[in-house]
Amino acid sequence: MGTVAEELIALNNDTVMNSTIFSYIGQYVDLDYSIWLYRLLTPLMLTFVLPTLFVLLIYLSISFLYVYKLHSRFILQVYNDGDFDFWDVARTLVAVVWDAHGWIFHGYEVCGMENLPENGPALIIYYHGAIPIDMYYLVARVYLKRSRLIYTVGDRFLEMLPGWSCLARVMKVSPGTIQSCSNVLKEGNMLSISPGGVYEAQFGDSNYELLWRRRVGFAKVAIESKAPIIPMFTENLREGFRSIGFAKRLFIILYNAVRFPVRPVYGGFPVKFRTHLGKPIEYDPSLTPEQLQEKVAFAIEELINKNQRIPGSILHGLIDRFITKKKNE
């Protein structure tokens, strides 16, 4: 009996103690408010976490390429054909992963694939989203469907990223000069350039205005190489990923000072991505670089006005996943 009574007394003391602790916490922490705040901030935090999944996918691709390179001796023993390109298998597997990601996460489609040449050069000029994920998807889709690799001009800051050199070498991504880009096209390859670059990525918005700042380098490349230009725009690109909307002037000052992406990006929303490739703009020796730049800008703006809801809407971008717009490849 004494033992049972002692246990009851101890249990009662524990209950009183727990009640006292919760009462003490309640004086300083509003639990209902904390729960409400947690529920409110969780979606906000996720919008900044999701873009890191894109970075993670890039580094998974890089890791695979390093492992593939590490086992090069064994791979070359299996494929001992003299015409075998060592990196073809790696590019194909990376392309499969990216194409699957685009199809699953964004229902990725390409309209106007017939405008890309089966053979020969083409200069693809595209609108740059907050993250150029559409270019990764297009490179993968074209490589799988046409067995052609699109060379890409990337910003110089990418060279500072750990591991980037391997991916850049395999997938043919480089800063490029007018001469080197012209040589790529003269060799019969396809090349993609975004005249707006990182500036357009950082400071563009859902109104989809071109921010090219009088850049005519791509036009000089097209004139020197005599390659046709393919205008490109991806629908809902700014609804998938966006730059934060406040303190824009401050971020512009910082960007101009360091020439490095400084404006945070959020999103990762699974909106519909539909890349539109326009009719080729053929070489015209009578056009100056400035005139050609205006002509290409007009062509891309036409693609935007024809295919993009302005201003862009994340909700409508999600709804577009369930709407069939046109025949595509």
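This is a predicted model, so every value here is computed, not measured.

Participant: Run through the pattern of salt bridges, naming residues and quoting values.
Facilitator: Inspection of every chain in the model, using the stated rule, returns nine salt bridges. Between Glu118 and Arg146 there is a salt bridge, and its shortest N-O distance comes to 3.6 Å. On the criterion of sequence distance, the pair formed by Glu118 in the loop between strand 1 (109-111) and strand 2 (122-126) and Arg146 in helix 5 (residues 133-146) is long-range, its members being 28 residues apart. Residue Glu118 is classed as exposed on the basis of its relative accessible area, which comes to 52%. Given a relative accessible area of 16%, Arg146 falls into the buried group. Look at the salt bridges and you will find they share partners, linking Glu109, Glu235, Lys272 and Arg274 into a network.

Participant: I'd like a rundown of helix 4 (residues 88-106), residues and numbers included.
Facilitator: The first and last C-alpha atoms of helix 4 sit 26 Å apart over 19 residues, in line with the 27 Å expected at 1.5 Å per residue. Restricting attention to buried positions, one finds in helix 4 the residues Ala90, Arg91, Val94, Ala95, Trp98, Asp99, Gly102 and His106. When helix 4 is viewed along its axis, its buried side chains cluster within an angular range of 155° and face the same direction. For helix 4, the exposed residues lying more than 90 degrees away from the buried face are Trp103 and Ile104. Of the residues trailing helix 4, Gly107 is marked for its positive phi of about 55°.

Participant: Residue-level account of the environment of Ser192, with values.
Facilitator: In this structure, Ser192 sits in strand 5 (residues 190-193). Note on Ser192: relative accessible area 0%, which makes it buried. The spatial distance from the C-alpha of Ser192 to the C-alpha of Leu123 is 5.8 Å, given a sequence separation of 69 residues. Every residue in contact with Ser192, bar those within four places of it in the chain, is listed here: Ile124, Tyr126, Met135, Ile150, Tyr151, Thr152 and Val153.

Participant: I'd like a description of the pairing of strand 2, backed by residues and values.
Facilitator: In regular strands, side chains alternate between the two faces of the sheet. Within strand 2, five of the five residues are buried, which leaves it mostly tucked inside the rest of the structure. The alternating pattern of strand 2 places Ala122, Ile124 and Tyr126 on one face and Leu123 and Ile125 on the opposite face, and all of these are buried. As judged from the four bridges shared by strand 2 and strand 5, these two strands associate in the parallel manner. Its bridge partner lying in strand 5, Ile124 is registered against Ser192. Bridge count for strand 2 against strand 6 (residues 229-235) is four bridges, and the pairing is parallel. For Ile124, the partnering residue across the bridge sits in strand 6 and is Ile230.

Participant: Hey, could you go over the environment of Asn307 for me, with residue numbers and the actual values?
Facilitator: Secondary-structure assignment places Asn307 in helix 12 (residues 289-307). Along the primary structure Asn307 and Asn236 are separated by 71 residues, whereas in three dimensions their C-alpha atoms are 9.3 Å apart. Within the structure, the side chain of Asn307 is placed 2.9 Å from the backbone oxygen of Leu303, a separation counted as a polar contact.

Participant: Explain helix 5 to me, using residue names and the numbers behind them.
Facilitator: Between its first and last C-alpha atoms helix 5 spans 20 Å; for 14 residues at 1.5 Å apiece the expected length is 20 Å, and the two agree. Buried within helix 5 are the following residues: Ile133, Asp134, Met135, Tyr137, Leu138, Val139, Ala140, Arg141, Val142, Tyr143 and Arg146. Where helix 5 ends, the next residue or the one after it, Ser147, has phi of about 55°, a positive value.

Participant: Could you give an account of the side chain of Ser206, with specific residues and numbers?
Facilitator: Relative to the assigned elements, Ser206 resides in the loop between helix 8 (197-203) and helix 9 (217-225). Every residue in contact with Ser206, bar those within four places of it in the chain, is listed here: Arg238, Glu239, Arg242, Ile310, Pro311 and Gly312.

Participant: So what about a negative patch on the surface? Which residues, and what values?
Facilitator: Taken together, the side chains of Asp205, Glu209, Glu301 and Glu302 present a region of like negative charge at the surface. Mapping Glu209 onto the fold places it in the loop between helix 8 and helix 9.

Participant: Give a detailed account of the side chain of His106, specifying residues and quantitative values.
Facilitator: Inspection of the secondary structure puts His106 in helix 4. A polar atom in the side chain of His106 sits 2.9 Å from the backbone oxygen of Val271. Contacts of His106, omitting those with residues within four sequence positions, involve His101, Tyr137, Phe269, Pro270, Val271, Lys272, Phe273 and Arg321.

Participant: Explain the pairing of strand 3 (residues 150-153) to me, using residue names and the numbers behind them.
Facilitator: What you see with strand 3 is no split at all: Ile150 and Thr152 on one side and Tyr151 and Val153 on the other are buried throughout. Inspection of the sheet shows strand 3 paired to strand 5 by three bridges, in the parallel sense. Note on strand 5: the bridge partner recorded for Ile150 is Met190. Here strand 3 pairs with strand 4 (residues 173-174) via two bridges, running parallel.

Participant: Describe the packing of helix 7 (residues 178-186) against helix 9, and please don't skip the residues or the numbers.
Facilitator: Where helix 7 contacts helix 9, the two axes come as close as 9 Å, and the packing angle between them is 45°. Regarding the angle of helix 7 to helix 9, the classification is oblique. Both helix 7 and helix 9 take part in a crossing whose hand is right-handed. Facing helix 7, whose interface residues are Ile178, Gln179, Cys181, Ser182, Leu185 and Lys186, helix 9 presents Gly217, Lys220, Val221, Glu224 and Ser225. In terms of residue class, the contact of helix 7 with helix 9 is built from four nonpolar, four polar and three charged.

How each quantity is defined
- Residues numbered from 1 in each chain as written.
- Predicted model: local features only at pLDDT ≥ 70, side-chain atom pairs only at ≥ 80, totals over all residues.
- Heavy atoms only, no water.
- Salt bridge = Lys/Arg side-chain N within 4 Å of Asp/Glu carboxyl O.
- Helix = DSSP H or I, 4+ residues; strand = E, 2+ residues; numbered from the N terminus.
- Buried < 20%, exposed > 50% of the residue type's maximum accessible area, 1.4 Å probe, protein only.
- Expected span 1.5 Å × (residues − 1).
- Arc of directions from axis to C-beta.
- Contact = heavy atoms within 4.5 Å.
- Pairing = 2+ DSSP bridges.
- Polar contact = N/O pair within 3.5 Å; in protein donor to acceptor, adjacent residues only side chain to side chain.
- Patch = residues over 30% accessible without salt bridge, like charges linked within 9 Å, V, L, I, M, F, W, Y side chains within 5 Å.
- Areas by Shrake-Rupley, 256 points an atom, 1.4 Å probe, with all protein chains shown as cover.
- Lys, Arg positive; Asp, Glu negative; His and termini not counted.
- Charge placed at Lys NZ, Arg CZ, Asp CG, Glu CD.
- Axes fitted to C-alpha atoms, helices over the stretch in contact; angles between N-to-C directions.
- Parallel < 35°, antiparallel > 145°, perpendicular 65-115°, else oblique.
- Left-handed = near helix turned anticlockwise from the far one by under 90°.
- Nonpolar A, V, L, I, M, F, W, Y, C, P; charged D, E, K, R; others polar.

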